[in-house]
Amino acid sequence: MASRGGDEPSSRSGSPDKEGGVSEDRSLLRQRLAIKELMDTEVTYLHVLQLCASDIRSRLQQLPQGDVDILFSNIDDIIKVNGRLLHDLQETASKEEEQVSLIGNLFLEFQEELEQVYKVYCASYEQALQLVEAYRKEPELQQEIQGVIEAVVPQAGSSGLGFLLVTPLQRITKYPLLLQKILENTPPDDSAYLVLQRATSALQDVNANINEYKMRKEVASKYTRVEHLSLRERLARINTHSFSKKTTRLSQLLKQEAGLVPRTEDKEFDDLEERFQWVSLCVTELRSNVAAYLDNLEIFLGCRPHECNLDIPGGPVVQYCNLARDLQLDAFLKFRQRLEGLVWRPLCSLARALVGPRNLIKKRLDKLLDFERVEEKLLEVGSMTYEEEATRHTYQALNSLLVAELPQFNELVMRWLGQILRTFVSLQRDLAKQVLQRAEGSMAQLPHHHLSEPAFGKLVEDELGQTSNQLRSFQETFEKVPPPPTTQPPRPGSERQAQALLSRYGPGKLYQVTSNISGTGTLDLTLRRGQIVALLQNKDTKGNSGRWLVDTGGQRGYVSAGKLQPYRTVPSEEELRGQARPHEDSRRLTPEPTRAPVLSVPTMTQVVAAYPFVARSSHEVSLQAGQPVTVLEAQDKKGNPEWSLVEVNGQRGYVPSGFLARAPSPAPWGWSPPS
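Attention here is on the structure that accompanies the text. (Residues numbered from 1 in each chain as written. Predicted model: local features only at pLDDT ≥ 70, side-chain atom pairs only at ≥ 80, totals over all residues. Heavy atoms only, no water.)

## What about a nonpolar patch on the surface?
A cluster of nonpolar side chains, contributed by F456, V460 and L464, occupies part of the molecular surface with about 270 Å² of accessible area. Note on placement: V460 falls in helix α16 (residues 453-480). (Patch = residues over 30% accessible without salt bridge, like charges linked within 9 Å, V, L, I, M, F, W, Y side chains within 5 Å. Areas by Shrake-Rupley, 256 points an atom, 1.4 Å probe, with all protein chains shown as cover. Salt bridge = Lys/Arg side-chain N within 4 Å of Asp/Glu carboxyl O. Helix = DSSP H or I, 4+ residues; strand = E, 2+ residues; numbered from the N terminus.)

## Side note on unusual backbone geometry
Glycine aside, negative phi is the norm for most residues, and most peptide bonds take the trans geometry. Within the chain, S73 stands out as a residue other than glycine whose phi angle is a positive 45°. Tracing the sequence through the fold places S73 in the loop between α2 (65-72) and α3 (75-91). Here S73 falls in the partly exposed class, since its relative accessible area comes to 25%. (Buried < 20%, exposed > 50% of the residue type's maximum accessible area, 1.4 Å probe, protein only.)

## A few points about the pattern of salt bridges
Tallied over the entire structure, the rule returns 21 salt bridges. The salt bridge partner of E298 is R336, with a shortest N-O separation of 2.7 Å. Placement of E298 in helix α12 (residues 267-302) and of R336 in helix α13 (residues 316-353) is noted, with a sequence separation of 38 residues between them. The class for E298 is partly exposed, based on a relative accessible area of 39%. Close ionic contact of D551 with R504 constitutes a salt bridge, the shortest N to O distance being 3.9 Å. Note that D551 is positioned in strand β3 (residues 547-551) and R504 in helix α17 (residues 495-505), a separation of 47 residues in sequence.

## Some details on helix α14 (residues 355-381)
The periodicity of an α-helix, 3.6 residues per turn, causes residues three or four positions apart to be oriented the same way. Here α14 contains 27 residues, and its C-alpha end-to-end distance of 39 Å stays within 8% of the 39 Å for a straight helix at 1.5 Å per residue. Among the residues making up α14, those that are buried are G356, P357, L360, I361, R364, K367, L368, L369, D370, F371, E372 and V374. (Expected span 1.5 Å × (residues − 1).)

## Observations regarding the sheet that holds strand β5 (residues 564-566)
Each strand in a sheet pairs with another by means of backbone hydrogen bonds, the pair being arranged parallel or else antiparallel. If you walk across this open sheet you meet the 5 strands as β4-β3-β2-β1-β5, and the pairing is antiparallel. Looking at strand neighbours, the two that pair on one side only are β4 (556-560) and β5, the edges of this open sheet. Looking at each pair of strands side by side, their axes are set apart by 50° on average, direction ignored. Pairing between strand β1 (residues 510-513) and β5: 3 bridges, direction antiparallel. Each residue of the ladder has a partner; that of Y511, found in β5, is P566. (Pairing = 2+ DSSP bridges. Axes fitted to C-alpha atoms, helices over the stretch in contact; angles between N-to-C directions.)

## With respect to the nonpolar core
Counting residues in hydrophobic clusters, the biggest one holds 63 residues, and the most contacted among them are I56, L71 and F107. Residue contributions to this core peak at 12 residues, all from helix α1 (residues 2-59). Among residues more than four places away in sequence, those in contact with I56 are L51, F72, V148, I149, V152, V153 and L164. Counting 35 residues, the second largest nonpolar core, distinct from the first, contains V290, F332, L350 and L427. (Core = buried A, V, L, I, M, F, W, Y, C linked by side-chain atoms within 4.5 Å. Contact = heavy atoms within 4.5 Å.)

Structure, rendered in structure tokens:
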């Protein structure tokens, strides 16, 4: 009995050690099974992705390429990342003692890459599901797609395309669970425990960040959508809720402008927005300039002088026409096509890409006003409704998305813009090179083809300088020649009034109105074209020399000095005839010298120049006062009576008709009028 009693304690004391060893073995076994599950499922998952990318995607030829891009998104990037991950996981099998620690470190290394590729795929997943639903509404198309998938991946079953598309989402969410399973079967005192714990937490953060990114993208997709609504449809969307929301935003904005409430400042976003606006302006300006360039190119291509009959036989003209025709039909047309395809269309696409961010920036301001109002209420009341909390989250998601992606977008647009500019320059260079190559044969026929480029440039510069000097000299000569006085015919019944002004003020004070004047001020006069006035003062009371004080013979007031010209008096035939009698000093005002058509000149009078005239072109002839002229035509070729064709000293040319007057002709020799 004693011996049995002595054996019992020994038996009981060995039992816990044995049970602890069995427990450790079980945990280690479960750990190995969890690691094996991680690797086996990774192999299967990667195989399914490769089937999608290679076999299924290539067999869906009946779908538009745009749909295929949306369905499979960045699956190629996922295959690359997960392929490297699987390769590194399999290498840990050779180091069994450190395998758990190596697996933890491996997922920590791949944390950022996994997040980058999977968040892009998850963000486009909803759009892919919409396409799948659309295909289900077309039975024939759905049957073709289902047949392709069942032939490649039989395990997809009736779910078909939806089963394949959801696989990456399921995989990224399963990584934390698989790591957690390994962690649960790892002793806390093991050196790999902390590393595996950090890896599990990191993969959980990856999933949280993907969800956050997906929510931002959904918000962005909602507000970047461009809707072309009619006025009636816009008015139909106005309701009590939308009106109240806009009123609240306007009230918040007015309070900020008045300084009643502080404005939320975000320097980081403000800098990004300023950069975006600058980039947007560059794109808009370049697009406008390229559009003008294309319009001018169309005008240039529409001008075809080589198709006109130049009436110059043979020689360089024929070579020019051949070269111009060749360039017009080939080189310039290809240049325009390349310009439209490589510059204009990408530039228009870039301009359209700016619409979405521009709408988001505008919507952010609206959501910021809502956010500030909710924050004020939260400080005052200490609580908020579910709708107000959703408003806060919407602004925070929108702001975070813009702050995260605007820098990348601005940089991408600048690279795109730079590439477009480089392409434009390359096209110009290619065109110049092509034109020079085709013109080599014709250039040998030019008179200065033997000159070097610097010598030819000097020749052109000298020729342009000489021509410029000649043009400047002609301009100076032209400006020195005063314009001829164009006295307007007096209004009927104004002879007596003009005579009164002449006798009162003298001929040096008389002026004639060149165009109708409508007085706007109290002291301004309203005058008709051709009316004669006398100058009283060549400035107004404020010293303005542009307004003159005049007398019409009945009224006094101010008129514009630019609408007055000196009125000239011309001697009548009686005065010319009475030059031998100095005691007769009567004069008569006439608005302009009497024109003298050839057929109407009396036999006892002749036409003389009443004023000197200096010819300004080869079509005109100079006159001196009192010089006799012969009137050939009393009008120009267009029938304008203001110019007459005359002959003076054997020269023919045009002179103003107003410069001519009739004068008494000397009596023929051997004949005298009766007494």
